[in-house]
Amino acid sequence: MSLPRTGAEIREAFLSFFEERGHARLPSDSLIPSDDPTLLFTGAGMNQFKDEFLGQGRPGLVRATTSQKCLRVPDLENVGRTPRHHTFFEMLGNFSFGDYFKEEAILWEWEFFTSTLGWDGERMVATVYKEDEEAFGIWHEVIGLPEERIFRFGEKENYWPAEAPSLGPNGPCGPCSELYFDLDPGQLPSTSGLAALPERFLEVGNFVFTQFNRQESGALAPLPQSNIDVGLGLERIAAVAQDAANNFETEIFKPLLASIQEIAGQDYGKDEDADVCMRRIADHARAVFFCIADGASPGKEGRAYVVRKILRRAVRDGISLGVREPFLASLLPAVIDSMGSAYPELEEQAPGIRTILQGEEEQFREVFQKGIVRLKSLLKEPRDGIFPGALGFELHDTYGFPVDITQVVVEEAGLRFDHVGYQAAMDEQRSRAREFSAITGDIFSASSAGILQSGGLEATEFLGWDQDEVPAIVLCILKGKEKIPSLESGEFGAVVLDKTPFYPEGGGQVGDQGSLVDSKGKVLFEVSDTQSAHPFVLHLGDAAGSLKVGQEVLAKISVSLRRATEIHHTATHLLHSAMKEVLGDAVRQAGSLVSKEKLRFDYTTEQAPTSEERKRIEELVQSEILKASPLATSFSTLNEARAAR
Ligand code: SER
């Protein structure tokens, strides 16, 4: 039988390998993490199993395997320039929740690579955490890897999250072991040499032994159960299996690169700058298609802004390649061809994805023109021979205007471009983005839910369906990621109660505001926002007096704000139903905003509604409002709710 070679074959081989070894084959989670407001995007296979790692997950689920759609943005600038960086990628994973541990994990992974994929074990090297004698022993004695091919690293390289023992965060963590493939075998380097040779040693798997719970004191207490979290990068494995120079030259990307070459009227492999553009378009197109299919459309804020930024970078590359018309939508069939059978949502959502791409791309092409105009006007201002890097960065960040074009135009005007200033502005923004998105190593740790759960806190009871005020007890106070015993007047924090009438932001509806008051009615805490950290509700705001853990309070929502918000929530349902009636079932909700002032309903459909259709929708909504039907609240699962619509 031939060895798995293509992305689809490797994915299937991996999932069936672990299925045969007692793992439940589960679907990829959405790119938009459900129940985890701390994450912008799903960045690792383990994200959907946080509860299972803490021993509080689905009963009976002790082994699972997935191929997870992942999106990571901190390395955006490297995509296309290096052989391996991606925003969107697939992570193959196998997980044990208190079941098997290091030995099985290492043995099975070794068997998968050397038997199922048929890789040469002589070309594999492993790394272990410097104090993890057990993992070292398994590689050396059980697998038989010679000592010189097992490298020991510290907690920066071989701990997950990185550096958790000394820097935190608190919560579950553990040492990890990585498996590398030697692309260019020869003399083996020293430990420091391995880290310095990313082109030679390709990391193909990361095995995390999630066995500790870091305490507030910094002590590492053993978790009630030891877990396994293995992640393998599918695109990298395909590159080795196909002997491809980089991930983009595998069959996973080939149809997409072929479409890009056709649209650009240029061949790949002739000019490095053009190749970088083509690789970046290939990466970014996949990212944007999958994000939109999972409901993250491009827009102005947060997650939507990230999607817009990725999309604009791809369009900008198209412009650099001389493509004059919107082109992204025409790349969709190539991605559906290669990935549609594993991810049917792409084909199902194709009409909506196309509509959104077309609109966004047209709009951006206009913005880009404005960037040129803005640059020309900046050049008219008096300068001391130097064009400030910060302005170049502003053009890049606001207009998506390529810095290389800025540089050419600036030099043509007889000025020098300040690269150092540009890089400083870029670094500053990047470190802000890292803090904000928590996508790098912090995937696990950033979760407030994880911090709270690790302290054994009971889930918050939500009573807000029919109560505006509820007597409650303060169970926990968080300041950033630290649990603290009390908040003093003027301090900002997040309060967890045993029960609450506060509705957390979700389903497009803004979180409730209100206050926590004492028995005399004195306000102790002003709640300015409510967020979900499932299964907890976080009341965010400023203390107006002294608030302590254990204290009894009366939790009161702002009734006027809630009622106004509810009106818009109900109106959103009326609008959606009227749109379906007038425009047909092709209308799909792509997001919504429900606040006290307004509602916004994002949707995708094949064609913009005509003015008659819009009028008819308005009439239908008005007539429902005039009926003043009583409102009923009912509980159902997401699928039941979808079926009932
Ligand atoms: N969570 C680990 C990673 O993302 C292994 O799956 O690398």
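What you are looking at is a predicted structure, and each value in this text was computed from that prediction instead of being measured. (Residues numbered from 1 in each chain as written. Predicted model: local features only at pLDDT ≥ 70, side-chain atom pairs only at ≥ 80, totals over all residues. Heavy atoms only, no water.)

1. A few points about the overall build of the chain
Link 1 in the chain: Looking only at helices and strands, the chain features 20 helices and 24 strands.
Link 2 in the chain: Relative to the globule expectation of 26 Å for 645 residues, the C-alpha radius of gyration of the chain, 27 Å, shows essentially globular dimensions.
Link 3 in the chain: A principal-axis box enclosing the C-alpha atoms of the chain has dimensions of 75 × 60 × 60 Å.
Link 4 in the chain: Within the chain, the fraction of its 645 residues that count as buried is 52%.
Link 5 in the chain: Contacts in the chain between residues at least 24 apart in sequence constitute 69% of all its contacts with a sequence separation of at least 6.
Link 6 in the chain: Approximately 29,200 Å² of the chain is accessible, and the part contributed by carbon and sulfur atoms is 51%. (Helix = DSSP H or I, 4+ residues; strand = E, 2+ residues; numbered from the N terminus. Rg over C-alpha atoms; globule rule 2.2 N^0.38 Å. Buried < 20%, exposed > 50% of the residue type's maximum accessible area, 1.4 Å probe, protein only. Contact = heavy atoms within 4.5 Å. Areas by Shrake-Rupley, 256 points an atom, 1.4 Å probe, with all protein chains shown as cover.)

2. A word on the packing of helix 10 (residues 302-320) against helix 13 (residues 350-380)
Relative placement of two packed helices is described by the angle separating their axes and the distance separating the axes.
Link 1 in the chain: Look at helix 10 against helix 13: their axes get within 10 Å of each other, and the N-to-C directions meet at 65 degrees. On the basis of the axis angle, helix 10 is roughly perpendicular to helix 13. Relative to helix 13, helix 10 is oriented so that their crossing is right-handed. For the pair helix 10 and helix 13, contact is made by Arg 308, Leu 311, Arg 312, Val 315, Arg 316 and Ile 319 and by Leu 357, Glu 360, Glu 361, Gln 363, Phe 364, Arg 365, Val 367 and Phe 368, respectively.
Link 2 in the chain: Broken down by class, the residue content of the contact of helix 10 with helix 13 amounts to seven nonpolar, one polar and six charged. (Axes fitted to C-alpha atoms, helices over the stretch in contact; angles between N-to-C directions. Parallel < 35°, antiparallel > 145°, perpendicular 65-115°, else oblique. Left-handed = near helix turned anticlockwise from the far one by under 90°. Nonpolar A, V, L, I, M, F, W, Y, C, P; charged D, E, K, R; others polar.)

3. Some remarks on the pattern of salt bridges
Side-chain pairing between opposite charges can occur once the charged atoms of the two side chains come close.
Link 1 in the chain: Counted according to the given criterion, the structure contains 30 salt bridges.
Link 2 in the chain: Among the ionic pairs, Arg 279 bridges to Glu 272, the shortest N-O distance being 3.1 Å.
Link 3 in the chain: Classification of Arg 279 as buried rests on a relative accessible area of 6%.
Link 4 in the chain: Judged by relative accessible area, Glu 272 falls into the partly exposed class, the value being 46%.
Link 5 in the chain: Of the charged contacts in the structure, one is a salt bridge between Arg 563 and Asp 468, with a shortest N-O distance of 2.8 Å. (Salt bridge = Lys/Arg side-chain N within 4 Å of Asp/Glu carboxyl O.)

4. Observations concerning the side chain of Thr 572
Link 1 in the chain: Tracing the backbone shows Thr 572 in helix 18 (residues 559-583).
Link 2 in the chain: Look past the residues within four positions of Thr 572 in its chain and what remains in contact with it is Ser 592, Val 594, Leu 599 and Phe 601.

5. Here's the deal with the nonpolar core
Link 1 in the chain: Counting residues in hydrophobic clusters, the biggest one holds 111 residues, and the most contacted among them are Phe 113 and Trp 139.
Link 2 in the chain: With 13 residues, helix 9 (residues 272-293) is the largest single contributor of residues to this core.
Link 3 in the chain: Every residue in contact with Phe 113, bar those within four places of it in the chain, is listed here: Gly 118, Trp 119, Met 124, Leu 179, Val 204, Leu 232 and Ile 237.
Link 4 in the chain: Counting residues in hydrophobic clusters, the runner-up holds 17 residues, among them Leu 487, Phe 502, Phe 525 and Val 553. (Core = buried A, V, L, I, M, F, W, Y, C linked by side-chain atoms within 4.5 Å.)

6. A few points about the site of the ligand
Link 1 in the chain: Residues in contact with the ligand, as listed here, are Ala 44, Met 46, Arg 72, Met 91, Trp 160, Asn 206, Val 208, Asp 229, Val 230 and Gly 231.
Link 2 in the chain: A distance of 3.1 Å separates an oxygen atom of the ligand from a polar side-chain atom of Asn 206.
Link 3 in the chain: Here the ligand, which alone exposes 230 Å², has 93% of that area covered by the protein.
Link 4 in the chain: Going through the elements one at a time, strand 8 (201-214) and strand 9 (220-233) are the ones with two or more residues in the shell around the ligand. (Near = heavy atom within 4 Å. Polar contact = N/O pair within 3.5 Å; in protein donor to acceptor, adjacent residues only side chain to side chain.)

7. A closer look at the packing of aromatic side chains
The geometry of two aromatic rings is summed up by the distance between their centres and the angle between their planes.
Link 1 in the chain: Under the definition given, this model contains 28 aromatic pairs.
Link 2 in the chain: Residues Phe 417 and Tyr 422 carry aromatic rings whose centres are separated by 5.9 Å and whose planes lie at 55 degrees to one another, so their mutual orientation is tilted.
Link 3 in the chain: For Phe 417, a relative accessible area of 3% gives the class buried.
Link 4 in the chain: With relative accessibility at 6%, the residue Tyr 422 sits in the buried group.
Link 5 in the chain: Feature note: the residues Phe 14, Phe 17, Phe 18, Tyr 100, Trp 108, Phe 112, Phe 113, Trp 119 and Phe 181 constitute an aromatic cluster, connected by ring pairs. (Phe/Tyr/Trp six-rings, centres within 6.5 Å; stacked < 30°, edge-to-face > 60°.)

8. Digging into the pairing of strand 22 (residues 552-557)
Link 1 in the chain: The side-chain alternation of strand 22 yields one buried face, formed by Val 553, Ala 555 and Ile 557, and one unburied face, formed by Glu 552, Leu 554 and Lys 556.
Link 2 in the chain: The sheet contact formed by strand 13 (residues 469-479) and strand 22 spans five bridges and is antiparallel. In the strand pairing of strand 22, Ala 472 is matched with Val 553. (Pairing = 2+ DSSP bridges.)

9. What to know about the pairing of strand 18 (residues 514-517)
Link 1 in the chain: The alternating pattern of strand 18 places Gly 514 and Leu 516 and Ser 515 and Val 517 on opposite faces, both of which are buried.
Link 2 in the chain: Summarising the sheet, strand 18 and strand 19 (residues 523-533) pair through four bridges and their orientation is antiparallel. When the sheet's bridge partners are listed, Gly 514 is paired in strand 19 with Val 527.
Link 3 in the chain: The antiparallel pairing of strand 18 with strand 19 creates a hairpin that spans five residues between the two strands, and Gly 521 there sits at a positive phi of about 90 degrees.
Link 4 in the chain: When strand 18 meets strand 22, the two strands line up antiparallel, connected through four bridges.

Remember, this is a structural readout, not a statement about activity or role.
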